[in-house]
Amino acid sequence: EARGLDYSAQYRLDFDNGSALDIRLLASKALEQTILVGTARNERNLAGMVGGGGFLPDYTPAPEWTANLIVGYSRGAFAVTTQGHYISESLLDKVTPFIGPDDPRYNPGLVNSIIDNTVSSHFTQNVNVAYDFELRGGQQAQLWMNVNNIWDEDPPYSQGSTGGANGAYYDILGRAYRLGVGSPF
C-alpha cells in the first residue's frame, strides 16, 4: 500500500518586449509505503527511505520529499531553462531496519545497528539553452545545449548498485554535456 501527495504549481509572466518567464514547481511527499518482509510477513513502512532494496527487490523505496523547480526564459528564438532537483534527507534502510545512534534501541553489538542510517538531502541543477532558426526552404530547426548536474555534485551513499548510489533518485554520472540539432521531418 502506498500513499502520498503530489503538488504542482505553474506561473507564466509575459513581458512587453515579447519575452516570457515560466516557473513550475513539482513536489511529492511520501506518506506511507507499506510492504511485507520475509516469511514472517513483517510490515515495514518505507516512506522516507532511499537505500537500495537489495538484489532484485519487488519494491522501490521513496524519499519523504522530492521537488523539481523549473524556470525558463524565452525571447524570440532564444530560450534558457534551468531545473533544480531536490531530495530530502532520508533513511538508508527501513527494511532491516537499521538502527542508528539516534534511536534508543541502538546497540553496537546488534547486527542491525549502524553508525549512521541517514542519507543527507541532495540538490542538483541542470541548464538547457536553445536557439530556433530556419533552414533553407523554410524548414524549422533548433540548436540546443544541455548541461546536467552543472555543479558536479556527487550523490550521497545510498546502498545503490552504481558506486553506492541509488540511480533512481541521484545523478550517478556527474556533470554531463550534450549538444544537438533537431528538425522535424
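Predicted model only: the values in this text are computed from it and were never measured.

The helix and strand inventory of the chain stands at zero helices and 10 strands. Ordered by position from N to C terminus, the α and β elements of the chain give β-β-β-β-β-β-β-β-β-β. In terms of overall size, the chain is more extended than a compact globule, its C-alpha atoms giving a radius of gyration of 22 Å where 185 residues would be expected to give roughly 16 Å. Principal axes of the C-alpha set define a box for the chain whose edges measure 75 × 30 × 30 Å. Pairs at least 24 residues apart make up 58% of the contacts formed inside the chain by residues separated by at least 6 positions. Accessible area of the chain: about 11,700 Å², with a carbon and sulfur share of 55%. Looking at charge distribution, the chain has the averaged site of its 12 positive side-chain charges lying 4 Å from that of its 20 negative ones.

Summed over the entire model, instances satisfying the criterion amount to five salt bridges. Between aspartate 14 and arginine 12 there is a salt bridge, and its shortest N-O distance comes to 3.0 Å. What makes arginine 12 partly exposed here is its relative accessible area of 46%. For glutamate 64, the salt bridge is made with lysine 29, and the minimal N-O distance between the two is 2.6 Å. Of the two residues, glutamate 64 sits in the loop between strand S3 (42-45) and strand S4 (65-75) while lysine 29 sits in strand S2 (residues 19-37), which places them 35 residues apart along the sequence. Within this structure, Arg12, Asp14 and Asp22 form a network of salt bridges that share partners.

Right, let's get into the pairing of strand S5 (residues 78-87). For S4 and S5, the ladder comprises 10 bridges, and the chain directions are antiparallel. Paired with asparagine 68 across the bridge in S5 is histidine 85. Taken together, S4 and the strand that follows it, S5, pair antiparallel across an intervening segment of two residues, in which glycine 76 is found at a positive phi of about 60 degrees.

The calculated volume of the largest pocket comes to roughly 240 Å³. Together, 18 residues line the largest pocket, and Ser28, Ala30, Ala62, Pro63 and Thr66 are the ones closest to its centre. Elements with a contribution of two residues or more to the lining of the largest pocket: strand S1 (2-14), S2, S4 and S5. Here the lining of the largest pocket is composed, by residue class, of nine nonpolar, five polar and four charged.

Turning our eyes to something else, we now look at the nonpolar core. Ranked by size, the top nonpolar core spans seven residues in total: Val50, Ile87, Leu92, Ile114, Val119, Tyr169 and Tyr170. Excluding its chain neighbours within four sequence positions, the residues that come into contact with isoleucine 114 are Leu92, Phe98, Ile99, Gly100, Pro101 and Tyr106.

This next bit is on the packing of aromatic side chains. Applying the stated rule across the entire model yields one aromatic pair. Ring centres of tyrosine 7 and tryptophan 65 lie 6.0 Å apart, and the angle between their planes is 20 degrees; on these two criteria the pair is classed as stacked. Of this pair, tyrosine 7 sits in strand S1 while tryptophan 65 sits in strand S4, and the two are 58 residues apart along the sequence. By relative accessible area, which is 30% here, tryptophan 65 ends up partly exposed.

On to the pairing of strand S8 (residues 122-134). As paired elements, S5 and S8 share 10 bridges and run antiparallel to each other. Note that in S8 the partner of phenylalanine 78 across the bridge is tyrosine 131. Bridging between S8 and strand S9 (residues 140-148) involves eight bridges; their strand directions are antiparallel. In the sheet register, glutamate 134 faces S9, and the bridge partner there is glutamine 140. Where S8 hands over to S9, the hairpin turn is made up of five residues, of which glycine 137 adopts a positive phi near 85 degrees.

Here is what the cut-offs are and how they apply
Residues numbered from 1 in each chain as written. Predicted model: local features only at pLDDT ≥ 70, side-chain atom pairs only at ≥ 80, totals over all residues. Heavy atoms only, no water. Helix = DSSP H or I, 4+ residues; strand = E, 2+ residues; numbered from the N terminus. Rg over C-alpha atoms; globule rule 2.2 N^0.38 Å. Contact = heavy atoms within 4.5 Å. Areas by Shrake-Rupley, 256 points an atom, 1.4 Å probe, with all protein chains shown as cover. Lys, Arg positive; Asp, Glu negative; His and termini not counted. Charge placed at Lys NZ, Arg CZ, Asp CG, Glu CD. Salt bridge = Lys/Arg side-chain N within 4 Å of Asp/Glu carboxyl O. Buried < 20%, exposed > 50% of the residue type's maximum accessible area, 1.4 Å probe, protein only. Pairing = 2+ DSSP bridges. 1 Å grid on protein atoms, 1.4 Å probe; cavity = no way out; pocket = protein on both sides within 12 Å on 5 of 7 lines; lining within 4 Å. Points joined across faces, edges and corners; volume = space filled by probe spheres on them. Nonpolar A, V, L, I, M, F, W, Y, C, P; charged D, E, K, R; others polar. Core = buried A, V, L, I, M, F, W, Y, C linked by side-chain atoms within 4.5 Å. Phe/Tyr/Trp six-rings, centres within 6.5 Å; stacked < 30°, edge-to-face > 60°.

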